[in-house]
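Breakdown of the fold
Below are the chains, spelled out letter by letter.
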Amino acid sequence: MRHFHHEFEDHLRAHRCRAGVCQDLALSPCENSCPLHMNIPRFLHFNKEGRLDEAFESVILDNPRLPASTGRVCQHPCDNRLPPPHD
């Protein structure tokens, strides 16, 4: 517990697994890696269907303050993230 206290709290309070190994808590690799926990799959789904207003609203829902600035400064940690292995 001493070394994984933050990870443990993340599991209990935010219901997230940053490592992406807990099947019940693992989100998509991009959302799991995002410091803001943006729901990127939701945005991509709306965008793919041409529902641009809803895509925009999904971004504002997760990042209401500075979505355009965040997009410009994001280091894209999701690009380096591989999906968890499936059994």
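Reading the values: rules and limits
- Residues numbered from 1 in each chain as written.
- Predicted model: local features only at pLDDT ≥ 70, side-chain atom pairs only at ≥ 80, totals over all residues.
- Heavy atoms only, no water.
- Helix = DSSP H or I, 4+ residues; strand = E, 2+ residues; numbered from the N terminus.
- Buried < 20%, exposed > 50% of the residue type's maximum accessible area, 1.4 Å probe, protein only.
- Contact = heavy atoms within 4.5 Å.
- Polar contact = N/O pair within 3.5 Å; in protein donor to acceptor, adjacent residues only side chain to side chain.
- Axes fitted to C-alpha atoms, helices over the stretch in contact; angles between N-to-C directions.
- Parallel < 35°, antiparallel > 145°, perpendicular 65-115°, else oblique.
- Left-handed = near helix turned anticlockwise from the far one by under 90°.
- Nonpolar A, V, L, I, M, F, W, Y, C, P; charged D, E, K, R; others polar.

Topic: the overall build of the chain
In terms of regular secondary structure, the chain is built from 5 helices and 0 strands. When the helices and strands of the chain are listed from N to C terminus, the series reads α-α-α-α-α. With 87 residues in all, the chain has 22% of them scored as buried. Taking all contacts inside the chain whose residues are at least 6 apart in sequence as the whole, residues at least 24 apart take part in 31%.

Some remarks on helix H3 (residues 40-48)
Of the residues flanking the start of H3, the one acting as N-cap is Asn 39, its side-chain oxygen 3.0 Å from the backbone nitrogen of Arg 42. Following H3 by one or two positions, Gly 50 adopts a phi angle in the positive range, close to 75°.

Focus on the environment of Ser 33
Inspection of the secondary structure puts Ser 33 in helix H2 (residues 29-33). Measuring from C-alpha to C-alpha, the distance between Ser 33 and Cys 17 comes to 9.6 Å, with 16 residues separating the pair along the chain.

Some words on the environment of Asn 32
Residue position: Asn 32 is located in helix H2. Along the primary structure Asn 32 and Cys 17 are separated by 15 residues, whereas in three dimensions their C-alpha atoms are 7.1 Å apart.

Examining the packing of H3 against helix H4 (residues 52-62)
Axis separation between H3 and H4 bottoms out at 7 Å; the angle between their running directions is 165°. Taken as axis vectors, H3 and H4 run roughly antiparallel relative to one another. For the pair H3 and H4, the sense of crossing is left-handed. Judged by residue contacts, Arg 42, Phe 43, Phe 46 and Asn 47 of H3 engage Leu 52, Glu 54, Ala 55, Ser 58, Val 59, Leu 61 and Asp 62 from H4. Residues of the contact of H3 with H4, tallied by class, amount to 6 nonpolar, 2 polar and 3 charged.

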